[in-house]
Every structure is written in structure tokens, then in C-alpha cells.
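For reference, the chains in residue letters:
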Amino acid sequence: MEEKEENKYSIIVPTYNERLNIALIVYLIFKHLQNVNFEIIVVDDGSPDGTQEIVKQLQQAYGEACILLRPRPKKLGLGTAYMHGLKHATGNFVVIMDADLSHHPKYLPSFIKKQRETGASIVTGTRYVKGGGVHGWNLMRKLTSRGANVLAQTLLWPGVSDLTGSFRLYKKSVLEDVISSCVSKGYVFQMEMIVRASRKGYHIEEVPITFVDRVYGSSKLGGSEIVEYLKGLVYLLVTT
Amino acid sequence: MVYWGPKGKTNTAHQMKHIVKIMALLVAMSALWISLLQSSKIPESYTWLLPLYFIVSLGCYGLLMVGVGLMQFPTCPHEAVLLQQDIVEAKEYLKQNGVDVGSNP
């Protein structure tokens with residue numbers, strides 16, 4: 001007897017002061033995933049701007065079954081936010097994405113399609129290939145991004161073109177496995193996840209995505225971030 | 001087969017650490033360099049400088065890759081426009097369905 005495959009996608013969105021963006025993101029996810037079984041898990045770290053009230057309004061508008069609010073008392077970091085969201089995820093696939101509209105939900109169908117076509121354990125969005133792209137970066141920012149990428153490719157041979165990207169689809173069991181062995185913070189954490197997954201031999205595919213840098217709010221990249229990045233690279237070089 | 005790794009975590013034995021691969025590569029290159037030094041097919045003064053040439057070439061290659069990547073950096077200005085349209089559409093719908101879309105509480 002043939003069983004129809006029932007896939008459910010748990011979309012984990014960590015938020016901090018994303019009062020407006022979270023509503024827009026939820027609308028866009030519903031718009032682009034119309035025939036897909038999914039749930040959105042909002043992990044809010046005690047935002048003072050009322051993000052959680054907005055999520056409750058969204059629950060009224062869209063239904064509490066599809067939008068889960070699983071908050072935490074304060075800013076506790078991205079890695080633990082994913083782990084927290086994972087605990088409440090009931091899907092067999094997990095999507096992680098940012099809440100600031102730099103990751104557009106319109107790419108979700110292409111992630112799902114790629115996974116279905118290839119049976120990959122992880123599908124990661126890449127900004128650096130044809131069909132992808134970035135908007136809102138000045139020359140300096142592009143230079144540091146490109147330099148960082150070349151350095152990482154030379155040292156780590158990661159097998160993916162975009163290491164710091166955080167728009168990814170994972171098989172739930174794979175995410176659980178990889179996340180338990182990662183200890184870094186911030187975007188080095190994203191790098192560590194994909195490098196460890198690559199070392200463990202998981203099948204990773206890429207889809208092009210476009211990245212429009214922060215529409216509302218402020219983005220962060222300074223000298224200390226660069227130092228953190230280099231330290232992260234050395235750490236990954238030696239421990240993975 | 002399983003062994004206990006340095007932090008007490010289990011690891012499968014057949015996964016070689018990346019750093020080990022890199023070290024093995026460096027050792028192999030050093031062995032080649034030393035054998036070239038001893039075989040005197042190439043003048044010694046040149047052979048001594050080979051590692052330097054290699055590092056400089058690697059650096060130049062890296063800079064080239066950065067430059068090429070920078071020139072070919074994919075951009076998407078149209079996406080910003082599309083995003084603004086999406087935002088307008090979203091705000092309309094959300095307002096009608098009881099969700100507050102102001103940016104301040």
C-alpha cells in the first residue's frame with residue numbers, strides 16, 4: 001500500500017526587537033507556503049519593544065497551531081535559541097532563518113524542492129552564486145565578505161560557497177546531531193554548524209538566495225567582529 | 001569502532017580531522033622540498049627559496065580570488081524594490097486582520 005509522504009516543516013525564527021519584521025515575515029511565509037504543512041516557532045528573547053504581543057496578535061489572525069511563541073527571559077544567544085526552538089518542533093524538517101527580512105520567505109519553496117529532488121540532509125542558501133546576490137552592501141563590506149570567504153575556503157575546504165549564511169533547511173535529526181557538537185557564538189556558530197555537518201559527511205545542497213540587508217533596524221559589522229571571525233576560523237581549522 | 005576523543009566525546013574512528021589532512025599535506029611538501037635540496041638537480045640557491053615562492057604565490061592567488069570575486073559579486077537591486085512592494089502588501093493585509101504594524105509600541 002502506498003503511503004503519501006507527509007512532511008512537516010518547522011520554521012524557527014529567533015527574534016529580538018523585531019516587532020514589525022516578525023509580522024511581515026509571518027505574512028510572507030503564509031503567502032509562499034500555501035500547500036505546505038508547516039509551523040512557525042518564534043523564539044523571542046524578552047524583547048522590550050513588544051514583539052511578543054505582536055506574535056499573539058498573529059496567532060489570533062492565523063491560528064495558534066501554526067504559530068508557536070516560545071519565549072525566553074533575556075538574550076541568551078543564537079545557538080541556544082535554535083536548541084530551544086528545536087525542543088518544540090514537531091516537523092521532520094527544520095528551517096532556520098532571520099527575522100529581519102534579509103531572508104525572504106519566497107525562497108522556502110526552492111529549499112523544499114531541492115531537498116525533495118536530492119534527498120539532501122541540509123539545504124543551505126548561498127548569496128555568492130549566480131541567481132543569488134546581496135543588496136545594501138557598500139564596497140568595503142563586499143570586500144571584507146569576499147576576503148573572509150576566500151580565507152575560509154582556503155583554510156577549511158568546507159564544500160559550501162556561503163559559510164556564514166543562516167538561511168538553511170535541515171532534516172530534524174541532522175540538526176539535532178550537528179547542533180549538539182557546536183560551541184561557538186554568533187555567526188561563527190553558523191560556520192561551525194555547516195563545517196561540522198560537512199565533516200560528518202552529511203549530504204549538503206545549495207540554493208541561490210538574495211539577501212537584502214536590513215530594511216528596518218541596524219546591522220552590525222565592526223573591527224571586533226573581524227577579530228572574532230579570525231579566531232573562529234582558527235578554532236574551526238584546529239577542531240573540525 | 002569508537003574511541004574517546006580529547007573532551008570525552010565519542011568519535012567515529014574513520015573521520016580524520018581537517019588539521020591532520022593539512023599537516024600531512026605540509027609534511028609531504030616538506031619532504032619533497034628536502035629531497036630537491038639533496039638531489040641538486042636544481043641549483044641550491046633557488047631551492048632554498050622555494051617555500052618563499054610558494055607562500056607568495058599562494059598570497060597572490062588569494063588576492064586574485066578576492067579581486068575576481070569582488071568584481072563578480074552578485075547584486076540584486078531589484079530585490080530591494082520587490083521587498084518594498086511585499087512590505088506594503090503585508091502591512092495592508094495585517095492591518096485588516098487585527099495586527100498592529102507600527103514600529104513603536
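We now turn to the structure provided with this report. All of these numbers come straight from a predicted model, not from anything done at the bench. Here the residue numbering is sequential within each chain, running from 1 through the sequence in written order. Labels are handed out in written order, letters beginning with A for the chains and numbers beginning with 1 for the ligands. For a predicted model such as this one, the threshold for reporting local features is a pLDDT of at least 70, and the threshold for listing and counting side-chain atom pairs is 80 or more; totals across whole chains, interfaces and linings nevertheless cover every residue. Side-chain metrics rest on all non-hydrogen atoms present in the structure, leaving aside hydrogens and water.

## Concerning the overall build of chain A
Part 1 of the argument: Secondary structure follows DSSP: runs of H or I at least 4 residues long count as helices, runs of E at least 2 residues long count as strands, and numbering of each begins at the N terminus. Looking only at helices and strands, one finds 8 helices and 9 strands in chain A.
Part 2 of the argument: As defined in this context, the radius of gyration uses C-alpha atoms, and a globule is described by 2.2 Å times the residue total to the power 0.38. The globule rule puts the C-alpha radius of gyration for 240 residues at 18 Å, and the 17 Å found for chain A is close to it.
Part 3 of the argument: Along the longest, intermediate and shortest principal axes, the C-alpha atoms of chain A span 50 × 50 × 35 Å.
Part 4 of the argument: Counting across all 240 residues of chain A, residues that qualify as buried make up 56%.
Part 5 of the argument: Residues count as neighbours in contact if any of their non-hydrogen atoms are within 4.5 Å of one another. In chain A, of all internal contacts separated by at least 6 residues, the share reaching a separation of at least 24 is 82%. Burial classes: relative accessible area under 20% of the type maximum marks a residue as buried, over 50% as exposed, and values in between as partly exposed (1.4 Å probe, protein chains only).

## Topic: the nonpolar core
Part 1 of the argument: To qualify as a nonpolar core, a set must consist of buried Ala, Val, Leu, Ile, Met, Phe, Trp, Tyr and Cys residues joined through side-chain atoms within 4.5 Å. Counting 46 residues, the largest nonpolar core has Ile11, Ile29 and Leu58 of chain A together with Leu94 of chain B as its most contacted members.
Part 2 of the argument: Of all the elements, helix 1 (residues 19-32) of chain A adds the most residues to this core, at 10 residues.
Part 3 of the argument: Ignoring anything within four residues of it in the chain, the contact list for isoleucine 29 of chain A reads Ile11, Phe38, Ile40, Met97, Pro105 and Leu108 of chain A.
Part 4 of the argument: One finds Ile12, Cys182, Ile204 and Leu236 of chain A within the second-largest nonpolar core, a separate group that totals 34 residues.

## Things to note about the interface of chain A and chain B
Part 1 of the argument: With 46 residues of chain A at the interface, the matching set in chain B holds 38 residues.
Part 2 of the argument: Both sides together, the interface formed by chain A and chain B hides about 3700 Å², and carbon and sulfur atoms give 69% of it.
Part 3 of the argument: Buried area adds together the accessible area that both of two parts lose upon being put together, with accessible area traced by a 1.4 Å probe. Of all residues in chain A, Arg19, Tyr27 and Arg146 of chain A give up the largest surface area on contact with chain B, accounting jointly for 16% of the area buried on that side.
Part 4 of the argument: The salt bridge definition used is simple: a Lys or Arg side-chain nitrogen within 4 Å of an Asp or Glu carboxyl oxygen. The interface formed by chain A and chain B contains 4 salt bridges.
Part 5 of the argument: For aspartate 86 of chain B, the salt bridge is made with lysine 31 of chain A, and the minimal N-O distance between the two is 3.8 Å.
Part 6 of the argument: Residues adjacent in sequence count toward polar contacts only when both atoms are side-chain atoms; beyond that, a polar contact is any pair of N or O atoms within 3.5 Å, and within protein one must be able to donate a hydrogen and the other to accept it. On the surface where chain A and chain B come into contact, there are 15 residue pairs in polar contact (both at pLDDT 80 or more).

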